[in-house]
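Architecture and fold: a report
One letter stands for each residue in the lines below.
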Amino acid sequence: MDFVRIPVDADAMSIATVVSCVSPEWAQRDPHRAMQVHIECEVGVCVTKSVAHQMLREQGKLVPDSGRVR
């Protein structure tokens, strides 16, 4: 499992930037964790969650509910 890589000397602002809604690089490496961290976010609004959602769909690990209307 690949965790979010945060430098040992990182301050709170640096950490917030790494896991923010506009920093999807780690969502490509660990989409499941990104979905957990961004559980309150919406796909299509949060870039990180949108990337993670797409990665999981491409990997066949997420199958959208066919009865759900967005």
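Heads up: the structure comes first, above all this text.
As a starting point, this report considers the structure included with it. (Residues numbered from 1 in each chain as written. Predicted model: local features only at pLDDT ≥ 70, side-chain atom pairs only at ≥ 80, totals over all residues. Heavy atoms only, no water.)

Thoughts on the overall build of the protein
What counts is decided by this rule: Put simply, DSSP marks the helices as runs of H or I at least four residues long and the strands as runs of E at least two long, and each gets a number from the N terminus on. Burial classification: accessible surface area is computed with a 1.4 Å probe over protein chains only, and a residue below 20% of its type maximum counts as buried, one above 50% as exposed, and the rest as partly exposed. Whether two residues are in contact is decided by their heavy atoms, any of which lying within 4.5 Å being enough.
Each helix and strand counted, the protein has four helices and zero strands in total. Burial status across the protein gives 26% buried among its 70 residues. When contacts within the protein are restricted to residue pairs at least 6 apart in sequence, long-range pairs at least 24 apart make up 38% of them.

Comments concerning the pattern of salt bridges
For the record, the criterion: Here a salt bridge means any side-chain nitrogen of Lys or Arg lying within 4 Å of a carboxyl oxygen belonging to Asp or Glu.
A full pass over the atoms with the stated rule returns one salt bridge. As a salt-bridge pair, D30 and R33 come within 3.2 Å of each other at their nearest N and O atoms. Since its relative accessible area comes to 10%, D30 is described here as buried. Judged by its relative accessible area of 22%, R33 falls in the partly exposed class.

A short note on the nonpolar core
Applicable threshold: Here, the term nonpolar core denotes a set of buried Ala, Val, Leu, Ile, Met, Phe, Trp, Tyr and Cys residues that are joined through side-chain atoms within 4.5 Å.
Ranked by size, the top nonpolar core spans eight residues in total: W26, A27, A34, M35, V51, A52, L56 and L62. Those elements that place two or more of their residues in this core are α2 (25-29), α3 (31-37) and α4 (47-58). Sequence-distant contacts of V51, that is, excluding residues within four places in its chain, are made with P24, A27 and Q28.

That's the geometry; what it means functionally is another story.
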